[in-house]
Amino acid sequence: MKKLVDVLKKNSLQKTQEPKLTSRREFFKKTGTLSAIAATAISPLTLKGDDDAIIHHPEWGQVWGDPVTKNLYGMPSKYEHNNTRRYTKLLASGNYRASIAVTPIHESEGIITPNGLFFNRTHGGVAHIDPKKYRLMIHGLVKKPIVLTLEQLKRYPKVTRIHFIECPANGGQEWRRPQYNSLQFAKGFMSCAQWTGVYIKTLLEDLGLKPEAKWMLAEGSDSSEMARTVPIEKVLDDAMLVWGQNGEALRPEQGYPVRLLLPGWEGNLCVKWLKRLEFASEPWYAKEETSKYTVLKPDGKAIQHFYANEVNSTVVSPSPEKPWTDLKDGEIVEIEGLAWSGMGTITRVDLSFDGGRNYVEANLKGLVLPKCWTRWSYIHKYKKGERLLLTSRAMDDAGYIQPTIDEEVGMIGVEGVYHRNAVETWEVTENGEVNHVQIRS
Amino acid sequence: MFKLDHKLIIFSILASATISFAQIVKKPDIAGGVYYPIVGDQTHIYKVNPNAYGLKLYKGRVPTKNELKAWDKDVMPDGTGLPEGKGSVEKGEELYEAKCIMCHGDFGSGGGGYPALSAGNAYEVHETLKNNRWKDPEADGPIRVFGSYWPQASTLFWYIKDAMPHQKTKTLTNDETYALVAYILNINEIEIDGEEVDEEYVLTRDKFLKIQMPNKDGFVPNIDGKDGVENVRKFFSNPKNFGAIKVKESERCMTNCQKASAKVVRISGEGISDFHPPISVERSLPKEVNKEEKKSNFNPQKVFETNCAMCHNGEVAPGAKNKGAWAKFIKKGIEKVYENGIKGTNNGMPPKGGSSISDEEFKKVVDFMLDFD
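Our subject in this report is the structure included herewith. Nothing here was measured: the structure is a model prediction, and the numbers come from that model.

**Re the overall build of chain A**
Right, so step 1: Scanning chain A from N- to C-terminus turns up 9 helices and 25 strands.
Right, so step 2: Out of the 441 residues belonging to chain A, those deemed buried represent 61%.
Right, so step 3: Long-range contacts, defined as pairs at least 24 residues apart, comprise 72% of the intrachain contacts of chain A with a sequence gap of at least 6.
Right, so step 4: Carbon and sulfur atoms provide 55% of the accessible area of chain A, an area that totals close to 17000 Å².

This is how it looks when you write it as structure tokens:
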């Protein structure tokens, strides 16, 4: 009540300062303040009467906003502060320098990840490169090697493409059981952006690639000199050197000023802070293509040079982070998700309400592009108290379908770490909470 | 939209000295995926400018010999790029204890979030690679360390030379790198040409090239030799090889797709829930943290414990509050101590201990360490 008294006082003060209460609008403005305070104890959801958010002018509607001179590089609304990348101590390797911060997929909209939320994986920390000192060297089995400055590189004819980049360890902590009750951590080792750069094949036109060149080494200039070997065929297909990310320069976390982009292939292959490309007739055996990023099978052999991220999908809404606890009986709600494949274009997404026993077809929506996030949707009538096991299953135009957990484990075992793409399940409990579960036989 | 049959777009390489864009061999995607060619002015649904391809643009310059030498430092399994040099296990152990032990642990046992370098005799540990916990979750898992898992020793030399020590890379000489490699071979009990890399061993380039790692043949597909690339293509053309399934759309299972034994497996306990910041989808404003208050809350001891203690409370660097250990550094003056700490040193001190605090805050941490009783 003390607050109310204060407001009353304040109002009478305003009245004395501003004696002319001329218009009807101003009258509501003043009297409205009183009822706004009186109603604060009542949640807008249960409010039977008028909604204060409508009846009364909000603060921002009556005063000047920021001048255009403020925030010359725009920032998200201060209310969006929880929409951030996140990290966990489990993956704290190298004092968080050989580590990852993952994308809040549960808050994602459409198929583009904002640059500040793009997942960030490094092997020696995020390097900050002076663009004036940036050099790219291309050499080895080419007739004429080359050194380029950033400005020279940017003068080649540009290509712009929308592709996801996924760490092949996405979901890799859950081979034996579900561990993360979170969409962000269960599937957030990936993001999708519009990339601008140049096809490497355009550069190679005048370098004269020798026929015996079979492999390309891509090496970063960060402290770890992250390096990977790429077969020449990908280089001559859709491999790009990119400097643009969603309409601006790459962020340092994504390899500013230049990274390699191998559409659809392991994020680790898309070497950041790129410094050198070398061509050879034999592969290199870099550290991150043997000690890591290899998939150990039950026979003791490991798959190496496992390039493409396979067809995959997830339900995004609802999620453990964004449950259905507020839904009313009979309410119509959209089940929405993402599907992606590094091997092609999404053709189908099926949705199961019983953990993968029976499926119905969901609808794809928006742009359906190769090696790109694709949104899908299913309209559902929610029944209060229903218990669901939501499982999505995607297919691509290469003909692959997501395996069940049993199928994938049956072929690959549980020690592979990387390239897990079996179907994922959310349990919706009777009160609308959402839990990450797995269906296994 | 168009999808061309892979088989329709096979071109042949013309007998020229170099490959040009139009002559690239078009085959099914090497990784088992769909290949989307550029045809005319389009690839998939993306438009392209066909005049932008096949140009001679060469916008840079040819690198000098010295520039190539400076950057072309990679080491290949056949010895390409491997410099001359030598190093003993004894010297390697000395270096290891000075520069590596704080992260990789005693005898490469790992710790602190950094990988182990050895789990004992590599030939024995190699046998664990067949361990797989898919049938028995309580069984032992496979142990993937350098000795048991890495197929090539060249990787180790290259990686140490380029990327170690982690907080101050590219600071080791060739001989130091040989010594560290020798030590790591030693703790993995590797044999070279029938001879165990014992404590007396001195590694040279010639000996290095004779190393056969226990898991040399542990990887598929075989990428070496003239058929390497084709082996990869063949491997990924069979979905079973890599745990994938292909099915016709009309034949995918839509009803009764599960075994009767299917059950719901839940996260055990809290699972992994140590998330930073904690998960929240709230749209209320964060608590305003007063900047001045934040400053006064700066806790040098906490920073010391998270960033510095690993070395400064180990044998590696002078310990906090240890007057004797600091004596020779303090002689050079406190400003020099600050400067070395802020800029880092070649003896393994990373700039500001790898923290991102301000110079002033860092000095407070130094003051905390030098606050002798």
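**Topic: the state of the cysteines**
All names here are of chain B.
Right, so step 1: According to the stated counting rule, one finds 1 disulfide over all chains in the structure shown.
Right, so step 2: Shown here is the disulfide that connects Cys253 with Cys257, its sulfur atoms set 2.2 Å apart. Because the sign of the S-S torsion sets the handedness, a value of about -100° for the bond joining Cys253 and Cys257 places this disulfide among the left-handed ones.
Right, so step 3: With a relative accessible area of 24%, Cys257 lands in the partly exposed category.

**Quick notes on a negative patch on the surface**
Residue and element names in this part refer to chain B.
Right, so step 1: Side chains of Glu90, Glu124, Glu127, Glu189, Glu191, Asp193, Glu195, Glu196, Asp198, Glu199 and Glu200 sit close together on the surface and give a patch of like negative charge.
Right, so step 2: Tracing the chain through its elements places Glu195 in strand 5 (residues 195–196).
Right, so step 3: Overall, the relative accessible area of 42% leaves Glu195 in the partly exposed class.

**Structural notes on unusual backbone geometry**
Right, so step 1: In this structure, Pro257(A) follows Tyr256(A) across a cis peptide bond, with omega equal to 5°.
Right, so step 2: Position of Pro257(A) among the secondary structure elements: in the loop between strand 11 (248–249) and strand 12 (259–261).
Right, so step 3: A cis amide bond, omega -10°, links His276(B) with the succeeding residue Pro277(B).
Right, so step 4: Along the chain, Pro277(B) falls in the loop between strand 10 (275–276) and helix 10 (291–296).

**Quick word on the nonpolar core**
Right, so step 1: In terms of nonpolar packing, the biggest core is built from 175 residues, with Leu241(A), Leu274(A) and Phe279(A) touching the most fellow members.
Right, so step 2: Residue contributions to this core peak at 9 residues, all from helix 7 (residues 174–187) of chain B.
Right, so step 3: Among the nonpolar cores identified, the runner-up in size contains 18 residues, and Ala309(B), Val337(B), Phe368(B) and Phe372(B) belong to it.

Cut-offs and rules
Residues numbered from 1 in each chain as written. Chains lettered and ligands numbered in written order. Predicted model: local features only at pLDDT ≥ 70, side-chain atom pairs only at ≥ 80, totals over all residues. Heavy atoms only, no water. Helix = DSSP H or I, 4+ residues; strand = E, 2+ residues; numbered from the N terminus. Buried < 20%, exposed > 50% of the residue type's maximum accessible area, 1.4 Å probe, protein only. Contact = heavy atoms within 4.5 Å. Areas by Shrake-Rupley, 256 points an atom, 1.4 Å probe, with all protein chains shown as cover. Disulfide = S-S within 2.5 Å. Patch = residues over 30% accessible without salt bridge, like charges linked within 9 Å, V, L, I, M, F, W, Y side chains within 5 Å. Salt bridge = Lys/Arg side-chain N within 4 Å of Asp/Glu carboxyl O. Lys, Arg positive; Asp, Glu negative; His and termini not counted. Charge placed at Lys NZ, Arg CZ, Asp CG, Glu CD. Core = buried A, V, L, I, M, F, W, Y, C linked by side-chain atoms within 4.5 Å.

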